[in-house]
Amino acid sequence: MADDPPRGGHQVDATHPPTHLRRACLLAGEPLAAQVVPLDHRNEGIAAELAAARTEVARRLLRDGLVD
């Protein structure tokens, strides 16, 4: 789009580090247990609310693969 800043490498914009650095940061640390765990009935509601988006993301990943 005309108003979007130019992409430098994998950098989304001036406020986000390049994708490869964000990935490296996420992969460097040890996973931690969740601090907030919703009750089962809330998990079910959240899953239902996100079901359509989950399906769309899966469809796009299958169609396009992971693209940086």
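### Details of a nonpolar patch on the surface
A cluster of nonpolar side chains, contributed by Val57, Leu61 and Leu66, occupies part of the molecular surface with about 320 Å² of accessible area. Along the chain, Val57 falls in helix 2 (residues 40-64).

### A short note on the side chain of Thr19
Tracing the backbone shows Thr19 in helix 1 (residues 19-28). A distance of 3.0 Å separates polar atoms of two side chains, one belonging to Thr19 and the other to Arg22.

### Points about the pattern of salt bridges
Under the defined criterion, the tally for this structure stands at three salt bridges. Across the pair Glu56 and Arg60 runs a salt bridge, and its minimum N-O distance is 2.7 Å. Taken together, the positions of Glu56 and Arg60, both in helix 2 and four residues apart, correspond to about one turn of that helix. Arg63 is paired through a salt bridge with Asp64; the nearest N and O atoms lie 2.7 Å apart. By sharing partners, the salt bridges in this structure join Glu56, Arg59 and Arg60 into a single network.

### Notes on helix 2
Over its 25 residues, helix 2 runs 33 Å from end to end, which matches the ideal 36 Å to within 8%, given 1.5 Å per residue. At Ala51, helix 2 is deflected by roughly 50°, the largest bend along its length. Looking one or two residues past helix 2, Gly65 carries a phi angle of roughly 75°, positive in sign.

Reading the values: the criteria
Along each chain, residues carry numbers from 1 onward, in the same order as the chain's sequence is written. Owing to the predicted nature of the model, reporting of local features is limited to residues with pLDDT of at least 70; listing and counting of side-chain atom pairs is limited to 80 or more, with chain, interface and lining totals taken over all residues. Computation of side-chain values: all heavy atoms of the structure, hydrogens and water removed. Nonpolar side chains (Val, Leu, Ile, Met, Phe, Trp, Tyr) within 5 Å and like charges within 9 Å form the patches, drawn only from residues with over 30% relative accessible area and no salt bridge. Working definition of accessibility: Shrake-Rupley area with a 1.4 Å probe, residue cover restricted to the visible protein chains. For this document, the term salt bridge refers to a Lys or Arg side-chain nitrogen within 4 Å of an Asp or Glu carboxyl oxygen. Helix and strand labels come from DSSP, where a helix needs a run of H or I of at least four residues and a strand needs a run of E of at least two; each type is numbered from the N terminus. Counted as a polar contact is a pair of N or O atoms within 3.5 Å, where, for protein atoms, one must be capable of donating a hydrogen and the other of accepting one, and residues adjacent in sequence contribute only when both atoms are in side chains. In this scheme, a helix's expected span is set at 1.5 Å multiplied by one less than its residue total. Fitting axes to the seven residues that end at a residue and to the seven that start at it, the angle between those axes gives the bend at that residue.

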